[in-house]
Amino acid sequence: MNYSDLLALYQLHLFELLDRSRAIHQAHWPEAEVQLCTLLSIKTGGCSEDCSYCAQSARYKSGVEAERLMSKELVMERALHAKANGSTRFCMGAAWRGVRMGTQRFEQVLDIVSDVSKLGMEVCVTLGELGADEAKALKVAGVTAYNHNVDTSPEHYPNIVTTHTFEDRLRTIRHAQDAGMSVCCGGILGLGETIEDRLKMLEVISGFNPPPESIPINALMPMPGTPLAENPQVDPLDLVRMIAVTRIAVPKAKVRLSAGRTALTDEAQTLCFYAGANSIFYGDKLLTAKNPAAEKDLHLLKKIGLSTQLPEPSMSAPEANPCCELSPASSESSCQSIGCC
Ligand code: SAM
Ligand code: DTB
Ligand code: SF4
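Residues numbered from 1 in each chain as written. Chains lettered and ligands numbered in written order. Predicted model: local features only at pLDDT ≥ 70, side-chain atom pairs only at ≥ 80, totals over all residues. Heavy atoms only, no water.

## Considerations on the nonpolar core
Residues M92, L127 and L138 are the most contacted members of the largest nonpolar core, which totals 93 residues. Per-element accounting of this core gives the leading share, eight residues, to helix α9 (residues 236-249). (Core = buried A, V, L, I, M, F, W, Y, C linked by side-chain atoms within 4.5 Å. Buried < 20%, exposed > 50% of the residue type's maximum accessible area, 1.4 Å probe, protein only. Helix = DSSP H or I, 4+ residues; strand = E, 2+ residues; numbered from the N terminus.)

## Notes on helix α4 (residues 104-116)
Over its 13 residues, α4 runs 19 Å from end to end, which matches the ideal 18 Å to within 8%, given 1.5 Å per residue. Looking at α4, one finds that the buried residues are F106, V109, L110, I112, V113 and V116. The arc that holds every buried residue of α4, seen down its axis, measures 165°, which confines them to one face. Those residues of α4 that are buried lie in contact with β1 (33-43), α3 (72-84), β2 (89-94), β3 (122-126) and α5 (132-141). (Expected span 1.5 Å × (residues − 1). Arc of directions from axis to C-beta. Contact = heavy atoms within 4.5 Å.)

## Section: the site of ligand 2
Residues in contact with ligand 2 amount to 13 residues; listed here are only the nearest, N149, N218, L287, T288 and A289. The side chain of N149 places a nitrogen or oxygen atom 2.8 Å from an oxygen atom of ligand 2. T288 is positioned such that a nitrogen or oxygen atom in its side chain is 2.6 Å from an oxygen atom of ligand 2. Relative to its free-state accessible area of 410 Å², ligand 2 is covered by the protein chains to the extent of 87%. Its residues placed into classes, the shell around ligand 2 shows eight nonpolar, five polar and no charged. (Near = heavy atom within 4 Å. Polar contact = N/O pair within 3.5 Å; in protein donor to acceptor, adjacent residues only side chain to side chain. Areas by Shrake-Rupley, 256 points an atom, 1.4 Å probe, with all protein chains shown as cover. Nonpolar A, V, L, I, M, F, W, Y, C, P; charged D, E, K, R; others polar.)

## Thoughts on helix α2 (residues 14-28)
Across its 15 residues, α2 extends 21 Å between first and last C-alpha, which sits within 8% of the 21 Å expected from 1.5 Å per residue. Taken as a whole, α2 has its buried residues at L14, L17, L18, S21 and H25. The buried residues of α2 occupy an angular sector of 95° when the element is viewed end-on, so they sit on one face. More than 90 degrees from the buried face of α2, the exposed residues found are F15 and A27. Against the buried residues of α2 lie α1 (3-10), α9 and α10 (266-275).

## Here we look at the environment of T172
Looking at the element boundaries, T172 is found in helix α7 (residues 166-178). Relative accessible area serves as the criterion here: at 1%, T172 is assigned to the buried category. Along the backbone, T172 and G98 are 74 residues apart, and their C-alpha atoms lie at a distance of 9.6 Å. T172 has contacts with G128, E129, L130, Y146 and H148, leaving out every residue within four places of it along the chain.

## So, the side chain of H164
With respect to the helices and strands, the residue H164 is situated in the loop between α6 (157-160) and α7. A relative accessible area of 9% places H164 in the buried class. There is a polar contact of 2.7 Å between the side chain of H164 and the side chain of E49. A distance of 2.8 Å separates polar atoms of two side chains, one belonging to H164 and the other to Y157. Those residues in contact with H164, other than ones at most four positions away along the chain, are E49, C51, R97, Y157 and R169.

## Quick notes on the site of ligand 1
Every one of the 17 residues lining ligand 1 counts as a neighbour, but T126, N149, D151, R169 and M221 are closest to it. Here a nitrogen atom of ligand 1 and a backbone polar atom of Y53 are 3.1 Å apart. The side chain of N149 places a nitrogen or oxygen atom 2.9 Å from an oxygen atom of ligand 1. Alone, ligand 1 offers 560 Å² of accessible surface; in the complex the protein occludes 90% of this. Considering only residue class, the shell around ligand 1 consists of 10 nonpolar, five polar and two charged.

## What about the pattern of salt bridges?
The tally for this structure, following the rule as stated, stands at 17 salt bridges. Residues R89 and E213 are paired through a salt bridge, measuring 3.1 Å at the closest nitrogen-oxygen approach. Taken as a pair, R89 in strand β2 and E213 in the loop between α8 (195-206) and β7 (214-219) lie far apart in primary sequence, 124 residues in all. For R89, a relative accessible area of 0% gives the class buried. For the salt bridge of K200 with E196, the shortest nitrogen-to-oxygen distance reads 3.1 Å. Of this pair, K200 and E196 both sit in helix α8, separated by four residues, roughly a single helical turn. (Salt bridge = Lys/Arg side-chain N within 4 Å of Asp/Glu carboxyl O.)

## Thoughts on the side chain of R169
Residue position: R169 is located in helix α7. It turns out R169 is buried and unbridged, and the closest side chain with the opposite charge, D151, is 4.3 Å from it. Those residues in contact with R169 that lie beyond four places of it in its chain are H148, N149, D151, Y157 and H164. (Lys, Arg positive; Asp, Glu negative; His and termini not counted.)

## Let's talk about the packing of α2 against α10
The interhelical angle for the contact between α2 and α10, taken along N-to-C directions, is 60°, at an axis separation of 8 Å. Our classification of the angle between α2 and α10 gives oblique. Contacts between α2 and α10 involve L18, S21 and R22 from the former and L271, F273, Y274 and A275 from the latter. For the contact of α2 with α10, the per-class residue count stands at five nonpolar, one polar and one charged. (Axes fitted to C-alpha atoms, helices over the stretch in contact; angles between N-to-C directions. Parallel < 35°, antiparallel > 145°, perpendicular 65-115°, else oblique.)

Any functional reading would require information that these geometric values do not contain.
Structure follows, in structure tokens:
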């Protein structure tokens, strides 16, 4: 969806926007279900990158220490625990710039993925930059979705990260799609961006072909020691609006109400679900930061009448739009989708 259409939606009266997003949500997701995803940081801290919101960058004194890659045995323990608690998706994150074929650590990750994928949950990983070969290897090992956020608009990105570019992010997403993995791609609100930046980010994400399978919307959790430590909290109603516009722009994607829920009231979260969010990170820890307690989340979902989603481990990647077949990648391509031809 292009920027001017997104802006027109964003500027609607809130109730009018919610009426529209709710109608689209009901048409595509009539089950009143929320997907529970468990996050695990399999390699924490010491990251070479300078993402100014992140406690795991080695450049900031955030108090997060660099750790080694977790053993497969420990990861399996945590994955089994997540499954027993009702999670249907297990997401493993690593504080790396990226991964490379032939390295010991990537071999270790492939081995971990291969075992986790036998547990009957969707398997998502977020390991930073991927080349075509790394993406294929992850797909073969059993990854269902690759998480790689664009985080903000192309224009604002260089103000937030200087060690890699927005284009680098798009290239990795393309490699994940080409390998047949679903793509989980979203962003963060609260990085000092304008509404225009938020919608330009959504213009990029909603232009992916195939569309992202899921879109995490994070609210900045200001991390002590990082350059954005003093940024103000995102206005919960801005978050609701962003979720509503995302639901309308990418109707079939799971919209994940992601980091920052500890700062939201039950009422604000309820409005986010009404606006179109249908997935959360579940369990009391994100990667390094806090998340609401599992019992608290289950209590809230029950109170508002939402049930939890059943697993779909055989989930296949969304189909590409046929425009790619009509106009193969070339400088003369007529395809307008970013991350497509
Ligand atoms: N290193 C990999 C990468 O950058 O893609 C994976 C891990 S990284 C922590 C995954 C995502 O977490 C980021 O893209 C960002 O959207 C989100 N994130 C990180 N720190 C955050 C914070 N303080 N508040 C909100 N979201 C955050
Ligand atoms: C995403 O968009 N949010 C998650 C997941 N993908 C990997 C990460 C949130 C991290 C919050 C900050 C922390 O725990 O350090
Ligand atoms: Fe490293 Fe990812 Fe954090 Fe950036 S967001 S510093 S790449 S872990």
